[in-house]
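Listed here are the chains, written in short residue letters.
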Amino acid sequence: MRLSNFFLYGLLLSIGLDVSLTNEEISRYSRHLVLSDVGMDGQKALKNSSVLVIGAGGLGSPCLLYLAAAGVGHIGIVDADTVDTSNLQRQIIHGTSTVGVSKCESARRRIHDINPHVEVCLYEEEFTSETALRILKEGFEKGRSYDVVVDGSDNFPTKYLINDACEIYPVGGGTPWVYSAILAFEGQLSVFNLNGGPTYRDMLPTPPPPGDVPSCAEGGVLGVLPGTMGCLQATEVIKILLKRKPEEITSGRVLVFDAMKMIFKNIGLVKQPGRKEITELIDYQGFCAGPKTIAKKTSKKSSTFDETMERSLNIQNGRTMDETESFFEPMDQHSFKSIEPKDCLRKLSTGWAPWVLDVRLKTEHDIVALPFTDKVVPHRMIRIENVPISGDILVYCKAGVRGEKACSRLVDLGIEADRLYNLEGGIMKWQSEIDPDMPRY
Amino acid sequence: MISIQVLFFASAREAAGDISKKCIELTPDEANTSSLRRLLALEYPGLASMVKDEENLTLALNEEYVTRGQVLALKDGDTIALIPPISGG
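Residues numbered from 1 in each chain as written. Chains lettered and ligands numbered in written order. Predicted model: local features only at pLDDT ≥ 70, side-chain atom pairs only at ≥ 80, totals over all residues. Heavy atoms only, no water.

*Asks:* So what's going on with the overall build of chain B? Which residues, and what values?
*Replies:* If you tally the helices and strands in chain B, you get three helices and five strands. Traced from its N-terminal end to its C-terminal end, chain B shows the element sequence β-α-β-α-α-β-β-β. Here the C-alpha radius of gyration of chain B, 12 Å, is about what a compact globule of 89 residues would show, namely 12 Å. Considered along the principal axes of its C-alpha atoms, chain B spans approximately 40 × 25 × 20 Å. The buried share among the 89 residues of chain B stands at 51%. A separation threshold of at least 6 residues defines the contact pool for chain B, and within that pool the share at least 24 residues apart is 50%. When the accessible area of chain B is evaluated, it comes to approximately 4,000 Å², of which 48% is carbon and sulfur surface. In chain B, 8 positive and 13 negative side-chain charges are present, and the distance between their average locations comes to 2 Å. (Helix = DSSP H or I, 4+ residues; strand = E, 2+ residues; numbered from the N terminus. Rg over C-alpha atoms; globule rule 2.2 N^0.38 Å. Buried < 20%, exposed > 50% of the residue type's maximum accessible area, 1.4 Å probe, protein only. Contact = heavy atoms within 4.5 Å. Areas by Shrake-Rupley, 256 points an atom, 1.4 Å probe, with all protein chains shown as cover. Lys, Arg positive; Asp, Glu negative; His and termini not counted. Charge placed at Lys NZ, Arg CZ, Asp CG, Glu CD.)

*Asks:* Report on the sheet that holds strand β12 (residues 393–396) of chain A, specifying residues and quantitative values.
*Replies:* All names here are of chain A. Read from one edge of the open sheet, five strands run β9-β13-β12-β10-β11, paired in parallel fashion. Every other strand in the sheet has two partners, leaving β9 (337–339) and β11 (375–376) as the edge strands with one partner each. Here three bridges tie β12 to strand β13 (residues 420–423), and the two strands are oriented parallel to one another. Counterpart to Leu394 in the pairing with β13 is Tyr421. (Pairing = 2+ DSSP bridges.)

*Asks:* An account of the packing of helix α5 (residues 60–70) of chain A against helix α11 (residues 224–241) of chain A is requested, with residue identities and associated values reported.
*Replies:* Residue and element names in this part refer to chain A. As a packed pair, α5 and α11 sit with axes 7 Å apart at the nearest point and diverge in direction by 40°. Handedness of the crossing formed by α5 with α11: right-handed. Two secondary-structure elements touch here, α5 through Pro62, Cys63, Tyr66, Leu67 and Ala70 and α11 through Pro226, Gly227, Gly230, Cys231, Gln233, Ala234, Val237 and Ile238. Looking at the contact of α5 with α11 residue by residue, the classes come out as ten nonpolar, three polar and no charged. (Axes fitted to C-alpha atoms, helices over the stretch in contact; angles between N-to-C directions. Left-handed = near helix turned anticlockwise from the far one by under 90°. Nonpolar A, V, L, I, M, F, W, Y, C, P; charged D, E, K, R; others polar.)

*Asks:* Explain the interface of chain B and chain A residue by residue, including any values.
*Replies:* Taken together, the contact pairs 22 residues of chain B with 41 residues of chain A. When the two sides are added together, the surface that chain B and chain A hide from each other amounts to roughly 2,500 Å², 56% of it contributed by carbon and sulfur. Counting across the interface, chain B meets chain A through two salt bridges. Ionic pairing is found between Asp258 of chain A and Arg13 of chain B, a salt bridge with its closest N-O pair at 3.2 Å. Our enumeration of links across chain B and chain A arrives at eleven residue pairs in polar contact (both at pLDDT 80 or more). Elements supplying a minimum of two residues to the side of chain B that touches chain A: α1 (10–15), β3 (58–61) and β4 (64–65) of chain B. Within the side of chain B that touches chain A, the residues separate by chemical class into nine nonpolar, seven polar and six charged. (Buried area = accessible area lost by both parts, 1.4 Å probe. Salt bridge = Lys/Arg side-chain N within 4 Å of Asp/Glu carboxyl O. Polar contact = N/O pair within 3.5 Å; in protein donor to acceptor, adjacent residues only side chain to side chain.)

*Asks:* Could you give an account of the confidence of the model for chain A, naming the residues involved and the relevant values?
*Replies:* Interpretation of this model should avoid reading the predicted coordinates in detail wherever pLDDT is low. Residue and element names in this part refer to chain A. Averaged over chain A, the pLDDT score is 87; the fraction of residues at 70 or greater is 85%. Predicted confidence for residues 14–19 stays below pLDDT 50, and this span has two contacts to residues more than four positions away or in other chains. Segment residues 292–331: pLDDT under 50, and 94 contacts once partners within four positions in sequence are set aside and those in other chains are kept. (pLDDT = per-residue confidence, 0-100.)

If you want it as structure tokens, here you go:
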């Protein structure tokens, strides 16, 4: 070694220049460091990066775990929910020991166990039109600009909101975001708004009518599916942070995964010609509720319903993967009755003998059901032939929402509204108020 | 007649009665995406409410999304995928 180099080495040692990875970090990330496509520069880039994950649920869990393990330096997490036992089948960042803890805090504990070098910023609130830009902006003001946003949300309104917020902020291009959605055995993934590439609105300009697409709570989801999709999201985040070429990233195409057939398909996506630029956020609940329904947030009447939902489904304030997504107020012309479990029991014990219809899936009926159920027909498939031509009909579902829809549908099909009774709060409210020995699901 | 391959994804597959792939014959008059939606609705009543509405079911022609509002011509050997929107997480 020449003297001058040795002198420089001594100088570096003494003032600690160019040491953005400690020896501990170097051994921690050694499998990355030997990869020519990551290396020291790439690993430092990850350390200097900042990623916002919206939702620490099925998709967010695995994504957060891998981003943390990979050494992404700053991670923001948005989630207003708390950990529930029913989450643990797929939300693997949480555990039995954190049931009842906020998802944000539970995620932070696990992340810091994996990698204490990660700076975690928690937003224990909902991502809404009111909070979205502030959250995105806060990352900037604290010098942790969110380089990428990850969509771990479970409903259409939030997906449109993420899309629009990422198009708006920051001015001059916005933020790339990694979309995913899952249901049953199928997943979708794409990177939107990457260097001006196509966005969610190019794939789905307007949402499907409310209630037409089942949520995971209603339709079910294979636990490992969000694991697969969340890991794919983390892969794309890391590649974006490593500034990989656009053609290497899922931009301008949507990856569709069929877990049952184990097939991945790429569907090309182009920008819609003449699509309007997004300049402001809107009421996304209203946007996704469609013209026939009333947005949840504008409805005061829904408060009792919300209380029921919170009690029976363990939702804190979040619109989580539940029936709330497709919630709508029954329309006036559908003036069927709503009956509280306690009133229902009283009526039944005084001789009322309605015909009882369970409008959940057969699989849900097998978990727990009212013992005096006459028929099981999922609410989407109800036909007039399914119900008797006269007499009262008691309709029930899990939490009351599908029951309302089923009653509306029956009225549309010509059943007199005054024959119809929807069990308020569904079988879960019956469980909590009448029969605590029933299982909850 | 021209013959095209239709692939059913997710709830479209369920609605069609657990069919994941089907070869469909079209007359030259029917050889476009709009007529195909009508024919699928007739052939699969369970799929009707879904397939007739662009918001409920997106089409992909030869692995490219069909832009909303666009009616594309179909030719022999084309593949159409029916992709329902999903939102879970």
